[in-house]
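Residues per chain, in single letters:
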Amino acid sequence: MNENAVKTVPINYSADRPPAENPVKIMDLSLRDGHQSLFATRGRTEDMIPVAEMMDEVGFWAMETWGGATFDTMHRFLNEDPWERLRVLKRYIKKTPFSMLLRAQNLVGYRNYADDVAVAFVERTAENGMDIFRTFDALNDYRNFETVVKAIKKSGKHFQGCICYTMTEPRLGGDVYTLDYYVKKAKELESMGADSICIKDMAGLIAPYDAYTLVKALKAAVKAPIHLHSHFTSGMASMSQLKAIEAGVDILDTCMTPYAYRTSHPAIEPLVMALLGTNRDIGFDIHKLAAINETLEKQILPKYRHLLDDSKISIIDINVLLHQTPGGMLSNLVNQLREMDALDRLDDVFRELPRVRKELGQIPLVTPTSQIVGVQTVNNVLHDTPDERYKMITAQVKDLCYGLYGKTAIPIDPELQKKALKGYPRGEKPIACRPAEVLESELEKAKKEIGDLAADMDDLLIYAQFPVTGKKFLEWKYGRAEPPESVKPITLDFVKKQEALIKKARAGELVEKKTAENAPQKSEKTRAFNVFVDGEYFSVDVDPTGETAPVVSPIAAPPRLPAAAPAPAAVPVPKAADNAVQGNKLLAPMPGMIVAYKKNIGDAVAKGETLVILEAMKMENALVASCDGVIKSIGFKQGDTVPKGATLCVY
Ligand code: CO
């Protein structure tokens, strides 16, 4: 008989029932992975506060509140100080430990940072209130854990080690990601002092019976509690959770219902009911959960509905079952192709993707490797010619080939590696050591660059990880530049007006009107919304009047810098290079953000030299000169967003 079998036991079903013999512990992900999966990580702190205290009363083992993409989106799109969120939520959530997603030596960015940045980041995160550091490395190369784990342990915090779950076959098996592979990884984590071990199934690939086999094997191999993180993307996660419970899993990840399912996680409420009256009863009061959901549904999530991808009726994505492509990666690919008017090439991308992945060392697909493989695949499909593959290699693929991300599961294709490393600044011979060993310290340099705009270490760590957008954010924070309207919150009132418009449009009452002569002038606060109703499209400009001005965020901290900052300059409209200037034009091959111009006006350039670094889909692309010349005109500047086809410079 299976000693982990779930047994029905005599029990009362009241909210204050005695605890079960071995309750399944639950981590709630609503405030991090939940909105990251469903609402583009755009959750604002002020929208977390209304449910924070209620959620603290539920009895979660932990709440994931920070890390992953939140640090990036907060400063980039929401004009929020990421550190401030941690401190504010801690004031409302006093009993439940906080968990964060830490990308090991990648911290909360997209590349390996130097050890001094990694140590400072973990120390400051612990100091600001983090309890559990859920740590993963995209390559499952635990040499990338060494520095952060030392710092986590030194801070006296919980180190949760993740094994990224990936596969090359439709089920657990094949010749790389076998049961033995995972058991070996778990033992490695245990020897590093992991306080718990997480199977991180970011793509929702784990099948229920594989979850059973895997959890059973890990429970037998290691002592640390086993935690399962499985996205719902493919539709299997609820079944996999149940089989994992039968195999003795200790902790599961769920979301509150409005943050659940689709590419997010199973909801907590059905699981509470499924286990009620068993020896693994979670013990939560379903009515408390219902009250939280009510608040979220009515007061919070209407503000985020426009971010929900409702382009499809199905809530599961069978492409994951067909192609083993993570959901987030798939939507990135689709967006990228759409922006380049190449959506019809999606099937080519699916064909090319497993090939690129194998040539790049059969790496797991998770941030940032999913973007690295995805963007390179799209580049290949769009730019390769019959006689040349890998025509446009991203900077990140070059770094991967050099060994900067760590050791790949199988060796990288030697021909590709050689091509990628031709002229690579660190050298043409790849490294075999722990990646951070070749990285020079970064904090001093960052401090020098940013100067007194970084008032403390927390500011400096924003800049050190995100030099372009981080600097912009610090300028907003300290009043040196005016934040654009797009980063300001919208109000429930605003959403209601918008919904009323949609209702009208649906009823056929929204007719085109000539602007009345006495209509008020559109203010600069006007925000344009595209409203789609049953295939019809309306462009609606909404101008907030006095009463509906966005509420002042209750968490805005007073600037800590002296008020000597100059008055905010008018936001300049980015200007393309002068098209009238004769010469070769470097056009943006895709929409993106200018990271840097490598040349100035008057500089001589040789064919093949890098002129501009353009960031697209979080990947940096080096755009090179197609012939020799002299730079005659430069249009944009660092940080500018450019459309596809924009003239970046003339030479
Ligand atoms: Co996740």
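Note: the structure precedes this text.
Residues numbered from 1 in each chain as written. Predicted model: local features only at pLDDT ≥ 70, side-chain atom pairs only at ≥ 80, totals over all residues. Heavy atoms only, no water.

1. A short note on the environment of Pro489
Put simply, the test is: By definition, any uninterrupted DSSP run of H or I lasting at least four residues is a helix, any uninterrupted run of E lasting at least two residues is a strand, and each is numbered from the N terminus. Classification of residues uses two cut-offs on accessible area relative to the type maximum, computed with a 1.4 Å probe and protein chains only: under 20% is buried, over 50% is exposed, and between them is partly exposed.
Relative to the helices and strands, Pro489 resides in the loop between α20 (467-477) and α21 (492-506). Judged by its relative accessible area of 15%, Pro489 is buried.

2. Remarks on the packing of helix α5 (residues 115-127) against helix α19 (residues 457-465)
Filter applied, for reference: Comment: axis = line fitted to C-alpha atoms, over the contacting stretch for helices; angle = value between 0 and 180 degrees taken between N-to-C directions. Here the angle decides the label: under 35 degrees means roughly parallel, over 145 means roughly antiparallel, 65 to 115 means roughly perpendicular, and every other value means oblique. For any helix crossing, the convention is left-handed if the near helix is rotated counterclockwise from the far helix by under a right angle, and right-handed if that rotation is clockwise. We call two residues in contact when some of their heavy atoms are within 4.5 Å. Here the nonpolar group is Ala, Val, Leu, Ile, Met, Phe, Trp, Tyr, Cys and Pro; Asp, Glu, Lys and Arg are the charged ones; every other residue, Gly included, is treated as polar.
As a packed pair, α5 and α19 sit with axes 10 Å apart at the nearest point and diverge in direction by 135°. In terms of orientation, α5 and α19 fall into the oblique class. As α5 packs across α19, the resulting crossing turns out to be left-handed. Contact with α5, carried on its side by Val117, Ala120, Phe121 and Arg124, involves Met457, Asp458, Leu461, Ala464 and Gln465 of α19 and no other residues of that element. When grouped by side-chain class, the residues that make up the contact of α5 with α19 number six nonpolar, one polar and two charged.

3. What about the coordination of the cobalt ion?
Using the following cut-off: With water excluded from the atoms, a metal site may look incomplete; its donors are any N, O or S atoms within 2.8 Å, or within 3.2 Å for Na, K and Ca.
Distances from the cobalt ion to its protein donors, Asp33 (OD), His229 (NE2) and His231 (NE2), fall at 2.1 to 2.2 Å. Donor residues for the cobalt ion, ordered by position in the chain, follow D-x195-H-x1-H. When its relative accessible area of 1% is taken as the criterion, His229 is described as buried.

4. Here we look at the sheet that holds strand β6 (residues 196-201)
Heads up, the rule is: Any two strands between which DSSP finds at least two bridges are classified as paired.
Reading around the circumference, β1-β2-β3-β4-β5-β6-β7-β8 is the order of the eight strands in this closed barrel, with parallel pairing throughout. With strand direction ignored, the average angle separating the axes of adjacent strands in the sheet is 30°. Sheet analysis places strand β1 (residues 25-28) next to strand β2 (residues 62-67), joined by two bridges and oriented parallel. Its bridge partner being in β2, Met27 is matched across the sheet by Ala62.

5. Re the environment of Ser99
Looking at where Ser99 falls in the secondary structure, it is placed in strand β3 (residues 98-102). Sequence-wise, Ser99 and Leu29 are 70 residues apart; in three dimensions their C-alpha atoms are separated by 9.1 Å. Among residues more than four places away in sequence, those in contact with Ser99 are Met27, Ala62, Met63, Glu64, Thr65, Trp66, Met130, Ile132 and Arg134.

6. Let's talk about the pairing of β6
This is how the line gets drawn: Looking down the strands as they point away from the viewer, one classifies a crossover as right-handed if the path from the first strand across the helix to the second runs clockwise.
The element β6 is extensively covered by neighbouring structure, given that six of its six residues are classed as buried. Judged by which residues are buried, β6 turns out to be covered on both faces: Ser196, Cys198 and Lys200 on one side and Ile197, Ile199 and Asp201 on the other are all buried. Sheet topology note: the strand β5 (residues 158-164)/β6 ladder contains five bridges and is parallel. Counterpart to Gln160 in the pairing with β6 is Ser196. For β6 and strand β7 (residues 226-230), the ladder comprises five bridges, and the chain directions are parallel. The residue bridging Lys200 from the neighbouring strand is His229, located in β7. On the question of chirality, the crossover connecting β6 to the parallel β7 by way of helix α8 (residues 208-221) is right-handed.

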